[in-house]
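Chain residues, written in single-letter form:
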Amino acid sequence: MTEADGGELHILDYWRILVKRQWIVYTCLAVTVTTVMLRSLLMEPVYTATATLQIERMNPKVLPFQSVTDDGGDFFYGFYETQYGLITSRRVAREVIRKLDLANHPEYKIEEPSRVASGLTSADVVEGARISRFLANLSVAPVNNSRLVNVSFSSHDRALTARAANAVAETYMEFNARSTYNTTEQASSSLATQVASLQKEIEEKETRLQDYARKNGITPVGENQDITLKNLTDLSKAWTEARAVRIEKEARLDALREAKPSEVDEVAASRVIGDLSAKSVELGRRQAELTEKYGPEWPELQRVRGEMREIDGRLEAERSKVYEQVLGSALADYRAAKKEEDYLASSLDSLKKQSQDLGLKEIEYKTLKGEIDNRRQTLASLQRRQSEASSSAGLNDLASSNVRIVDRAEVPLGASKPQLRVNFLLSLVSGLGLGLGLAFLFEFLDKSVKSGEDVLAVTALPALGVIPISRPSDARLRLVKTNGGHDASEGRKVGQITHENPGSRISEAIREVRTTLLVSRPGGPPRTILVTSALPGEGKTSVACNLAISLAQPGRRVLLVDADMRKPRLSWIFGLADGPGLSCLLSSTDGGAPAIRRTVVDGLDLLDSGPPPPNPADLLGSEHFNEIGASLCAMGYDHIVFDSPPVLAVADACTMASRMDSVVLVVWAGVTGKDALAHAVGRLRQVKAKVTGTVLNKAERGDRYYGRYAYRYSSRRESPEEGEEQAAPPAEISGQGV
């Protein structure tokens, strides 16, 4: 994907950047390789000797109990990192330096400092520097997937390397064994102190426990608690039963109070009430018979009614009597049940409080007793550990170390540094990487316009064409003029290359610009054309000359006007002598005929700039310039090409631009800045100039835009010297100019 398609760079664009910045890559590569190799060749040889150690996490189990030191840590890597740190510690290094008397070795002779910080002596500073130099030459490297460790030492003295590596290994082993022994002795002494302190603490707590039990009358825990708990259970059960009886009696009493006497079972079961009820029924039957047989006024009937009233009164009185007796009995039963429940509840509360008090005391008693038991267990563990530590210290000579020397260091046969092949490959990769990075960095920092896409993004103007650069080694001359560096003949040929070498790539690019320019206007080809640039030195004059030649080649009449009255060059390019020109016409008021001269190109005439006036901008902005332009058009020229000064340098170009049919802006590819181009287009648009597009000048052959759109005559013959074919001129495009 290209930038125009989706904003990403194609792989060929990266290649173009590398080709463009190739000397940066070559320079970085050459400097890096040369510097590294010279340093490697001039470097004094360094020798390295290596001793191999085996480090186990645990000591061999000669004793049946655990060692005081933590041999089986939970963190495997932490253990070995600690050992590596011990090997490279300053304590081990100081001991090795003392053993090998390295203070008198040439490599470790340290000059005494002239000034020493307060609190230090010269000897301390010298010793610290010597240890640091020793540790800089010492390295530790574990062997993967094993418990082996390589201890290496480097020096210019090959014999010293082996002695130093072996001395470091032996000193580390001695330090490790001595540390284990010292740790055991310290642990044994510490355990003895802790045992004595714990025994004293246990005695004090036992005394406190006995005093507490005596003061609170506490017997051995368990007896009182069991009796109290049993009593509490029995009393709670009795209270529950009494409460149930009280509830039953209360329900019986409430039911009697709400019932009628006749509804009470005891009343219905009374024998007296039963006899009275039977007699009342019999009298009722007798009354009914007499009423039916003799009528209501019969004397016997009156007597029967009197008896019935008497019997009913006795029956009601008897019922009330029995009901009161039953109600009184139920009330007495309820009161008795309530009294028993209240008594049991009071006894239960008292027993609960007593049980709680006793429980609190026993809890405190148990707490004190538990503390004593814990201290006794701790004391037993410490005494057992003290015995083991004493045995471990006494049998230390029988225990094997967890560090062993597998291979002692030997005197190296060859140097370990410098490694010429490795250094060469590393310098090659580093130099290449540095060069590539700088190349892309410079390309990123380059804010110049490089392609038609850049022009379109900055100005929203199309690129009318791309003119390639021609290298000095080619037979063709460069189209773009720079400030200096070219002789007079080269400068003249640059301006007429389309005429002198019509089959070149540059000529074809000019014809492409011509074709695009002629079809740029919907109403017809432009008649007055202004060629300018943003800044000086971008090749606008050469482009104007070759564009005028290209317009004249199909048979049109073209007038080339040198409107750059500050730095005119057209007469010099065509080999004509300086004479009157545009400045004379603008300064004259008599309306004389313009001093137009013919050139070597058929159909192409030239109007020189004339003598430099003091006020070019005022002359070009006058109404007289419009009259001269109209008179030139009236002379029958198909196209009039104006070469003007740069837009940002002076105001001449903007003064003329608004009166032209078309304005062509020349851009030096890879040199003209985007800000300058945007500013120039903005000034032209402010004067309402008809800016048709831009011409990318001096484009690299590897440029993305040029490589994609440049047209070739033939892939077999590319240079004029090889007989490059010349394309036929485009068809005549007719149209009336302004």
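What comes next concerns the included structure.

**Structural notes on the sheet that holds strand β5 (residues 463–468)**
Piece 1. Pairing is mixed in the open sheet, where eight strands are placed in the order β5-β12-β11-β6-β10-β7-β9-β8. Of all the strands in the sheet, just β5 and β8 (596–598) have a single pairing partner and so form its edges. Each adjacent strand pair in this sheet contributes to an overall mean axis angle of 25°, direction not counted.
Piece 2. In this sheet, strand β11 (residues 662–668) lies alongside strand β6 (residues 528–533) in parallel orientation, the contact comprising five bridges. In the sheet register, Thr532 faces β11, and the bridge partner there is Leu665.
Piece 3. Each of β5, β6, β10 (639–643), β11 and β12 (691–699) is contacted by helix α16 (residues 505–518), which is oriented at about 175° to β5, the strand it contacts most.
Piece 4. Against the sheet, helix α23 (residues 674–686) contacts β11 and β12, and its axis sits at roughly 170° relative to β11.

**Structural notes on the pattern of salt bridges**
Piece 1. Under the definition given, this model contains 15 salt bridges.
Piece 2. For Glu56, the salt bridge goes to Arg404, with nearest N and O atoms at 4.0 Å. One end of the pair, Glu56, is in the loop between β1 (47–55) and α4 (76–87); the other, Arg404, is in strand β4 (residues 403–407), and 348 residues separate them in sequence.
Piece 3. Residue Glu56 is classed as buried on the basis of its relative accessible area of 19%.
Piece 4. Linked through salt bridges whose partners overlap, the residues forming this network are Glu56, Arg147 and Arg404.

**A short note on α23**
Along an α-helix, residues three or four positions apart point the same way, because every turn accommodates 3.6 residues.
Piece 1. Relative to the 18 Å expected for 13 residues at 1.5 Å per residue, α23 spans 18 Å between its end C-alpha atoms, a close match to the ideal helical length.
Piece 2. Of the positions making up α23, those classed as buried are Ala676, Leu677, Ala680, Val681 and Leu684. Along the axis of α23, the buried positions cluster into a sector of 130°, meaning they face one direction only. Of the residues in α23, the exposed ones pointing more than 90 degrees away from the buried face are Asp675 and Gln686.
Piece 3. As for α23, its buried residues are in contact with α13 (452–459), α22 (652–657), β11 and β12.

**A few points about the packing of helix α3 (residues 22–42) against helix α12 (residues 420–445)**
Piece 1. With their axes 7 Å apart at the nearest point, α3 and α12 run at an angle of 155° to one another. Here α3 is positioned roughly antiparallel relative to α12, judged by the angle of their axes. The way α3 lies across α12 gives a crossing that is right-handed.
Piece 2. Residues that form the contact of α3 with α12 fall into these classes: 17 nonpolar, seven polar and no charged.

Definitions and cut-offs
Residues numbered from 1 in each chain as written. Predicted model: local features only at pLDDT ≥ 70, side-chain atom pairs only at ≥ 80, totals over all residues. Heavy atoms only, no water. Pairing = 2+ DSSP bridges. Helix = DSSP H or I, 4+ residues; strand = E, 2+ residues; numbered from the N terminus. Axes fitted to C-alpha atoms, helices over the stretch in contact; angles between N-to-C directions. Contact = heavy atoms within 4.5 Å. Salt bridge = Lys/Arg side-chain N within 4 Å of Asp/Glu carboxyl O. Buried < 20%, exposed > 50% of the residue type's maximum accessible area, 1.4 Å probe, protein only. Expected span 1.5 Å × (residues − 1). Arc of directions from axis to C-beta. Parallel < 35°, antiparallel > 145°, perpendicular 65-115°, else oblique. Left-handed = near helix turned anticlockwise from the far one by under 90°. Nonpolar A, V, L, I, M, F, W, Y, C, P; charged D, E, K, R; others polar.

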